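Take a look at the letters that make up each chain.
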Amino acid sequence: MEAALKIAPGVMLWRERLDRAAQKALLDAVLGAAEFYRPVMPGSGAPFSVEETNFGPLGWYSDRDGYRYTATHPKTGAPWPAIPTALLALWDATTGYGAPPQCCLVNLYRAGARMGLHQDRDEQAADAPVLSVSLGDDALFRIGGATRRGPTQSLKLSSGDVLSFGGPARLAFHGIDRIVPGTSTLVPGGGRINLTLRRVTK
Ligand code: MD6
Ligand code: FE
């Protein structure tokens with residue numbers, strides 16, 4: 001395993017933290033447990049270009065009424081499946097935070113999908129970092145500061161990479177400009193899956 005790279009204050013990157021076998025095991029957990037749906041934007045109802053699902057006691061969800069955390073799947077009404085133990089272990093090993101994550105948001109990017117610049121700010125536990133795992137095709141991740149304007153830097157995220165965002169970067173704007181199709185064979189049908197782990201309540 002390579003040492004963590006310090007990208008900016010509060011932003012750490014572990015390249016290829018997960019080997020191919022660990023990536024495949026997580027992919028199987030996602031594809032076996034999770035029914036994806038396409039969220040829509042608050043207000044406008046415009047569909048996201050990513051599809052999403054969740055693991056954990058609280059799932060992040062967006063519809064016309066706003067962003068929020070819910071205990072159940074919006075389509076099936078079933079509780080979200082438990083967060084895979086490999087991800088709980090990764091959270092402990094990389095964040096050192098004293099409580100487990102409550103949400104694992106799963107984002108699926110097929111060719112052409114992206115995610116606009118945003119802040120992760122729907123959580124009360126602002127002292128906890130956010131931990132993100134990339135699987136499948138490369139993505140161009142953009143990260144800036146705590147205001148929407150201002151300088152940003154671009155970072156390539158590849159399969160197995162793990163990124164943590166905390167402290168002074170916890171409210172940094174960030175997004176996915178695009179994925180680079182055909183750069184990985186991991187995801188059947190092609191594309192990228194991102195797993196974002198968060199502590200929600202204090
Ligand atoms: C993605 N990631 O990588 C989207 N948020 O597809 C995020 O929105 C994100 O990677 C907070 C912290 C790390 C992240
Ligand atoms: Fe985010």
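Residues numbered from 1 in each chain as written. Chains lettered and ligands numbered in written order. Predicted model: local features only at pLDDT ≥ 70, side-chain atom pairs only at ≥ 80, totals over all residues. Heavy atoms only, no water.

Draft legend 1. A look at the site of ligand 1. Taken together, the neighbourhood of ligand 1 is formed by Tyr109, Met115, His118, Asp120, Val130, Ser132, Phe141, Phe165, His174, Ile176, Arg192 and Asn194. Asp120 places a polar side-chain atom, nitrogen or oxygen, 3.2 Å from a nitrogen atom of ligand 1. Between ligand 1 and His174, the relevant distance is 2.7 Å, taken from a nitrogen atom to a side-chain nitrogen or oxygen of the residue. When isolated, ligand 1 has an accessible area of 340 Å², and the protein chains bury 99% of it. At the level of secondary structure, the elements contributing two or more residues to the shell around ligand 1 comprise strand S7 (115–118), strand S8 (130–136), strand S12 (174–180) and strand S13 (192–198). For the shell around ligand 1, a count of residues per class yields six nonpolar, four polar and two charged. (Near = heavy atom within 4 Å. Polar contact = N/O pair within 3.5 Å; in protein donor to acceptor, adjacent residues only side chain to side chain. Areas by Shrake-Rupley, 256 points an atom, 1.4 Å probe, with all protein chains shown as cover. Helix = DSSP H or I, 4+ residues; strand = E, 2+ residues; numbered from the N terminus. Nonpolar A, V, L, I, M, F, W, Y, C, P; charged D, E, K, R; others polar.)

Draft legend 2. Quick peek at the side chain of Thr70. Its place among the elements puts Thr70 in strand S5 (residues 66–70). At a separation of 3.0 Å, a polar atom in the side chain of Thr70 contacts the main-chain carbonyl oxygen of Thr72. Excluding anything up to four places from it in sequence, Thr70 contacts Pro57, Leu58, Gly59, Tyr61 and Trp80. (Contact = heavy atoms within 4.5 Å.)

Draft legend 3. Main features of the nonpolar core. Counting 27 residues, the largest nonpolar core has Leu87, Cys104, Val106, Val133, Ile193 and Leu195 as its most contacted members. Mapped by element, the contributors of at least two residues to this core are helix H1 (20–33), helix H2 (85–95), strand S6 (103–109), S8 and S13. Those residues within four positions of Leu87 in sequence are excluded, and the remaining contacts are Leu26, Cys104, Val133, Leu195 and Leu197. (Core = buried A, V, L, I, M, F, W, Y, C linked by side-chain atoms within 4.5 Å. Buried < 20%, exposed > 50% of the residue type's maximum accessible area, 1.4 Å probe, protein only.)

Draft legend 4. Layout of the environment of Asp137. Of note, Asp137 is situated in the loop between S8 and strand S9 (138–143). Separated by 59 residues in sequence, Asp137 and Ala78 place their C-alpha atoms 30 Å apart. A distance of 2.9 Å separates the side chain of Asp137 from the backbone nitrogen of Ser184, its partner in a polar contact.

Draft legend 5. Quick look at the pattern of salt bridges. Evaluation of the coordinates by the stated rule reveals ten salt bridges. Here Lys156 and Asp138 are joined by a salt bridge, their closest N and O atoms 3.7 Å apart. Here the residue Lys156 occupies a position in strand S10 (residues 153–157), and Asp138 occupies one in strand S9, the gap between them amounting to 18 residues. Assessed through its relative accessible area of 42%, Lys156 is described here as partly exposed. Measuring nitrogen to oxygen at the nearest pair gives 2.9 Å for the salt bridge that ties Asp177 to Arg142. (Salt bridge = Lys/Arg side-chain N within 4 Å of Asp/Glu carboxyl O.)

Draft legend 6. Structural detail: unusual backbone geometry. Unlike most non-glycine residues, Glu16 shows phi in positive territory, near 50°. Locating Glu16 in the fold gives a position in the loop between strand S2 (11–14) and H1.

Draft legend 7. Representation of H2 within the structure. Buried within H2 we find Leu87, Leu90, Trp91, Thr94 and Thr95. Buried positions in H2, seen along its axis, are confined to an arc of 105° and lie on one side of it. Exposed residues lying more than 90 degrees from the buried face of H2 are Thr85 and Ala93. Its buried side turned inward, H2 meets S2, H1, S6, S8, strand S11 (162–165) and S13. In the stretch just after H2, Gly96 is the one whose phi turns positive, near 65°. (Arc of directions from axis to C-beta.)

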